[in-house]
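Structure assessment
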Amino acid sequence: MNLTLAFPIGADSKLVQSVETVFTESELDRFAEELNRDGICVIRGLFDRDLIDRWKVAFDALFQERQQRPGGLAPRGQARCYATLPWVAPFADPAVYANPIIRGVLNRVFFQEYKLVQLAADIPLQGSQYQEIHRDFRPLFSDQIVTPLYALAVNFSLVEVTEANGPFEMARGTHVMSREEGLVKIHAGEIPMEQFYMQPGDVMIRSPLALHRGTPNLTPQPRPMIVMGYVMHWLHTQKVDLTLPRAYYESLSPEIQELLRCRVVDQLADSEVETYINFAY
């Protein structure tokens, strides 16, 4: 197997290996530090381009079908939508949702067991506008109480993310302040709204409490951004749902089964309706 060495590796460094990329333990420490401090970190080139291409082909067919189905997409504002992904190939891939690099970062940030509760895509289309600056979760207790990270979104794009096609925009560090304080600092220019450009294969891990928004997609092509949601095991997440076919679930190792908070069914339904409509706080 050809391995891409993304970072310098010392002679006595401990290594953590993904499918195509090797990282040192110290690099995983750095990603976790950035995540705690800034509310975001970006892991460049984690996934192989062939994997992204397979997902893109499958997503394009799924998206075309969902556009024709009532309730097949959840609205996210003008020319912007959300789609839950089915647990079939290529989306049902433990090399992605249980990736050792991603889990290496999550293990450093979460203080207890955590669960994967969401596998979906956010899709801005041509004609989309700036979203209101928002959070994806309510504070755990009060806006005035800063808590450790208890929920994280892991994102990767199926296309290159550029200035033109609606990059994700976020204000670093606003996950550890009240919403009002964060908005005041953003509007005063003390904290910039930063756009994150990504190549296919790059992975972004972020706190859904950090203030952020989607930006306009000015191109004729959709910009699908995959989102995998992980939360501490005790957090109730009624808006998102994983439904796995029984044969697939029973083929997984006990460790991966333990990672998933899911419904197990004999057969996946053909026409699920999206219910995750209210998303902004």
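The coordinates are above.
Owing to the predicted nature of the structure, the values given are computational and were not obtained by experimental measurement.

Notes on the overall build of the protein
- The secondary structure content of the protein amounts to seven helices and 15 strands.
- Against the 2.2 N^0.38 benchmark of 19 Å for 281 residues, the protein shows a C-alpha radius of gyration of 18 Å, consistent with a compact globule.
- When its C-alpha atoms are laid out on the principal axes, the protein stretches across 55 × 55 × 35 Å.
- Residue burial in the protein is summarised as follows: out of 281 residues, 52% are buried.

Regarding the sheet that holds strand E10 (residues 194-196)
- Strand order in the open sheet made by the three strands is E10-E9-E12, with antiparallel pairing throughout. Here the strands that pair on one side only, and so sit at the sheet edges, are E10 and strand E12 (212-213).
- Direction of pairing for strand E9 (residues 168-170) relative to E12: antiparallel, over a ladder of two bridges. Across the sheet, the residue bridging to Glu169 is Arg213, located in E12.

Re the nonpolar core
- Trp55, Trp87, Tyr97, Phe156, Ile205, Met228 and Tyr230 are the most contacted members of the largest nonpolar core, which has 66 residues in total.
- Take this core: its biggest share by element is seven residues, from strand E7 (residues 114-124).
- By size, the runner-up hydrophobic cluster in this structure holds ten residues, among which are Val42, Met170, Phe196 and Met225.

Some words on the environment of Ala121
- In this structure, Ala121 sits in strand E7.
- Ala121 sits in the buried class, given a relative accessible area of 0%.
- For the pair Ala121 and Leu158, spaced 37 residues apart in the sequence, the C-alpha separation amounts to 9.7 Å.
- Those residues in contact with Ala121 that lie beyond four places of it in its chain are Phe59, Cys81, Tyr82, Ala83, Met225, Ile226 and Val227.

Re the side chain of Glu27
- Inspection of the secondary structure puts Glu27 in helix H1 (residues 25-38).
- A polar side-chain atom of Glu27 sits 2.7 Å from a polar atom in the side chain of Arg30.

A few points about the side chain of Arg135
- When you line up the elements, Arg135 lands in the loop between E7 and strand E8 (151-157).
- At 3.0 Å, the side chain of Arg135 forms a polar contact with the backbone oxygen of Thr174.
- For Arg135, the side chain forms a polar contact with the main-chain oxygen of Met177, separated by 2.5 Å.

Some words on the pairing of E8
- With seven of seven residues buried, E8 lies mostly within the body of the structure.
- Burial of E8 is two-sided: the residues Ala151, Ala153, Asn155 and Ser157 facing one way and the residues Leu152, Val154 and Phe156 facing the other way are all buried.
- Inspection of the sheet shows E8 paired to strand E13 (residues 225-232) by seven bridges, in the antiparallel sense. The partner of Ser157 across the bridge, within E13, is Met225.
- Of the strand pairs in this sheet, E8 and strand E11 (residues 203-206) are connected by three bridges, and their pairing is antiparallel. For Ala153, the partnering residue across the bridge sits in E11 and is Arg206.

A closer look at the sheet that holds strand E4 (residues 40-43)
- In space, the seven strands of this open sheet follow the order E4-E11-E8-E13-E7-E6-E5, with antiparallel pairing throughout. What marks the edges here is a single partner per strand, and that holds for E4 and strand E5 (74-75).
- Bridge count for strand E6 (residues 80-84) against E7 is five bridges, and the pairing is antiparallel. In the sheet register, Tyr82 faces E7, and the bridge partner there is Asp122.
- Helix-sheet contacts for H1 involve E4, E8 and E11, and the interaxial angle to E4 is about 150°.
- Relative to E7, helix H2 (residues 49-68) is tilted by about 70°, and along the sheet it contacts E6, E7, E8 and E13.

Points about the packing of H1 against helix H4 (residues 100-109)
- For the pair H1 and H4, the least separation of the axes is 9 Å and the interaxial angle reads 55°. Comparing their axes, H4 and H1 come out oblique. Considering the relative orientation of H1 and H4, their crossing is right-handed. Judged by residue contacts, Glu25, Leu28, Asp29, Phe31, Ala32, Leu35 and Asn36 of H1 engage Ile101, Gly104, Val105, Arg108 and Val109 from H4.
- When its residues are assigned to classes, the contact of H1 with H4 shows seven nonpolar, two polar and three charged.

Some thoughts on the pattern of salt bridges
- Counted by the stated rule, this structure contains 21 salt bridges.
- A salt bridge links Arg108 to Glu25; the shortest N-O distance between them is 2.3 Å. With Arg108 in helix H4 and Glu25 in helix H1, the pair connects residues that are 83 residues apart, well separated along the chain.
- The shortest N-O distance in the salt bridge between Lys56 and Asp60 comes to 2.8 Å. Of this pair, Lys56 and Asp60 both sit in helix H2, four residues apart, roughly one helical turn.
- Residue Lys56 is classed as partly exposed on the basis of its relative accessible area of 22%.
- By relative accessible area, Asp60 is classed as partly exposed at 37%.
- Connected through salt bridges with shared partners, the residues Arg37, Asp38, Arg172 and Glu194 form a single ionic network.

Reading the values: the criteria
- Residues numbered from 1 in each chain as written.
- Predicted model: local features only at pLDDT ≥ 70, side-chain atom pairs only at ≥ 80, totals over all residues.
- Heavy atoms only, no water.
- Helix = DSSP H or I, 4+ residues; strand = E, 2+ residues; numbered from the N terminus.
- Rg over C-alpha atoms; globule rule 2.2 N^0.38 Å.
- Buried < 20%, exposed > 50% of the residue type's maximum accessible area, 1.4 Å probe, protein only.
- Pairing = 2+ DSSP bridges.
- Core = buried A, V, L, I, M, F, W, Y, C linked by side-chain atoms within 4.5 Å.
- Contact = heavy atoms within 4.5 Å.
- Polar contact = N/O pair within 3.5 Å; in protein donor to acceptor, adjacent residues only side chain to side chain.
- Axes fitted to C-alpha atoms, helices over the stretch in contact; angles between N-to-C directions.
- Parallel < 35°, antiparallel > 145°, perpendicular 65-115°, else oblique.
- Left-handed = near helix turned anticlockwise from the far one by under 90°.
- Nonpolar A, V, L, I, M, F, W, Y, C, P; charged D, E, K, R; others polar.
- Salt bridge = Lys/Arg side-chain N within 4 Å of Asp/Glu carboxyl O.

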